[in-house]
Amino acid sequence: MCGSLVAVALVYLTLAADMVRGRAPLQSAAPVNVATPIVNVELTPEWDAPLSHPRPIDRSAIPLSVKTIVIDPGHGGEPGATSESGLTEKEITLDVALRLRRLLKEEPFEVLLTRDTDHRLSLDKRVSFANENKADLFVSIHVNSMEPHTIRALETYYVGPTDDPTTLKLASRENKESEYSLSDYKKILEKIYVDARRDESRALAKTIQSQLFHSLKTANPELENRGVRTAPFVVLIGTQMPAILVEIACLSNDDEVDLLTKPDYRENIALALAQGIRRYAHSLTLAERKGS
Ligand SMILES: [Zn+2]
């Protein structure tokens, strides 16, 4: 008597633990001689995957293409970072953004700038400009300032990270449910959307970072590739499309300031950004073709 009760309890506990961990419980199926536990194992859908460890989404499942690009030259009105010689972040970001618009206009893209003159613009307004124009990509351009001044860092950010404790908590809570309500479906779909936007932002960041580094290192051999990073920048959180923020140089480094004063170097930065955007857009087109 006790034996069968213990067996049922053990199977139930195993299944419950699997649900808590978000693992599909099918491998630990109950022995045939025990009653079916409360958890409805057979009806667990295939996509009832652990939300805390989402599978990468097949790009062909979510058709994406790049038509409208919003370029966001950082700062304006207020100078942002400033070099010892007085070169300001706001003038460099605007100059590079104007070059990038010229270069991308040769493509079948609609290119919009959050600002094309030197005026103050709040972060909120930059975000709503991109969202209202239904941009497919958002690229925010900045110039860093770092200690020590010897650093010449190039880095690209996207919103992150996925292992954010709040998101994990939400995923863990939802995985405990064996029956989904309509609102659970909604949450899952939103989670998938968030993952897709984050994955695409990371892909865009990687493409742009590598293109920039390889294009600039000849003229700037001591440039340090700091890679792709995540950070909760407001413009990355609020935008609803793949979005990145790139720190194209360091105004705290005198050699980089010298380079930034040269139009050729700024043109190279714009060319690399344009090439990175093209490569990313092309990879989406390929994924879409593969899926059709
Ligand atoms: Zn900045």
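Residues numbered from 1 in each chain as written. Predicted model: local features only at pLDDT ≥ 70, side-chain atom pairs only at ≥ 80, totals over all residues.

1. As for the overall build of the chain
- Along the backbone of the chain there are eight helices and six strands.
- Counting from the amino terminus, the chain carries its helices and strands in the arrangement α-β-α-β-α-β-β-α-α-β-α-β-α-α.
- When each of the 292 residues of the chain is scored for burial, the buried share is 32%.
- Put simply, 80% of the contacts in the chain that link residues at least 6 apart link residues at least 24 apart. (Helix = DSSP H or I, 4+ residues; strand = E, 2+ residues; numbered from the N terminus. Buried ≥ 20, exposed ≤ 12 C-beta atoms within 10 Å, placed from the backbone. Contact = placed C-beta atoms within 7 Å.)

2. Digging into the sheet that holds strand β1 (residues 68–73)
- The strand order β2-β1-β3-β6-β4-β5 describes an open sheet built from six strands, whose pairing is mixed. Both outer strands of the open sheet, β2 (110–113) and β5 (224–230), are each paired with one neighbouring strand and no more. Between one strand and the next, the sheet's axes are offset by a mean angle of 20 degrees, whatever the strand orientation.
- Helix-sheet contacts for helix α2 (residues 89–104) involve β1, β2, β3 (137–144) and β6 (243–250), and the interaxial angle to β3 is about 145 degrees. (Pairing = 2+ DSSP bridges. Axes fitted to C-alpha atoms, helices over the stretch in contact; angles between N-to-C directions.)

3. Thoughts on helix α3 (residues 123–132)
- Buried within α3 we find Arg-126, Val-127 and Ala-130. One side of α3 holds all its buried residues, which, seen down the axis, span an arc of 95 degrees. Among the exposed residues of α3, those pointing more than 90 degrees away from its buried face are Asp-124, Lys-125 and Glu-132.
- Looking at the buried residues of α3, the elements they touch are β1, β3 and α6 (234–238).
- One or two residues past the end of α3 sits Lys-134, with phi positive at roughly 50 degrees. (Arc of directions from axis to C-beta.)

4. A few points about the environment of Arg-152
- Note on placement: Arg-152 falls in the loop between β3 and β4 (153–158).
- For the pair Arg-152 and Arg-226, spaced 74 residues apart in sequence, the C-alpha separation works out to 9.4 Å.
- Non-local contacts of Arg-152, meaning those with residues more than four positions away in its chain, are made with Asn-220, Glu-222, Leu-223, Glu-224, Cys-250, Asn-253 and Glu-256.

5. Digging into unusual backbone geometry
- A cis amide bond links Glu-147 to the next residue, Pro-148, at an omega of -10 degrees.
- When you line up the elements, Pro-148 lands in the loop between β3 and β4.
- Despite not being glycine, His-75 shows a phi value in the positive range, around 65 degrees.
- Mapped onto the elements of the fold, His-75 is located in the loop between β1 and α2.
- Positioned with a positive phi, Lys-134 is a non-glycine residue whose angle comes to about 50 degrees.
- Note on placement: Lys-134 falls in the loop between α3 and β3.

6. Quick notes on the nonpolar core
- Within the largest apolar cluster, 53 residues are counted, with the highest numbers of intra-cluster contacts made by Ile-69, Leu-137, Val-139, Ile-244, Leu-273 and Ile-277.
- Top element by residues in this core is helix α8 (residues 263–291). It accounts for nine residues.
- Among residues more than four places away in sequence, those in contact with Ile-69 are Leu-104, Phe-109, Val-111, Ala-135, Asp-136, Leu-137, Val-139 and Ile-277. (Core = buried A, V, L, I, M, F, W, Y, C linked by C-beta atoms within 7 Å.)

7. Some details on the environment of Met-146
- Here Met-146 shows up in the loop between β3 and β4.
- Overall, the presence of 16 C-beta atoms within 10 Å leaves Met-146 in the partly exposed class.
- With near-sequence residues (within four places) excluded, Met-146 lies in contact with Ile-151, Ala-153, Cys-250 and Ser-252.

8. Let's talk about the environment of Leu-103
- Mapped onto the fold, Leu-103 is located in helix α2.
- For Leu-103, the contacting residues outside a window of four places in its chain are Ala-270, Leu-271 and Ala-274.

9. Comments concerning the pairing of β2
- The sheet contact formed by β1 and β2 spans four bridges and is parallel. Looking at β2, one finds that Val-70 is bridged to Leu-112.
- A crossover links β1 with its parallel partner β2, the connecting element being α2, and its sense is right-handed. (Right-handed = clockwise from strand over helix to strand, strands pointing away.)

10. Description of the pairing of β1
- In terms of burial, β1 is a largely internal element, five of the six residues being buried.
- In this structure, β1 lies alongside β3, joined through five bridges in parallel fashion. The partner of Pro-73 across the bridge, within β3, is Ile-141.

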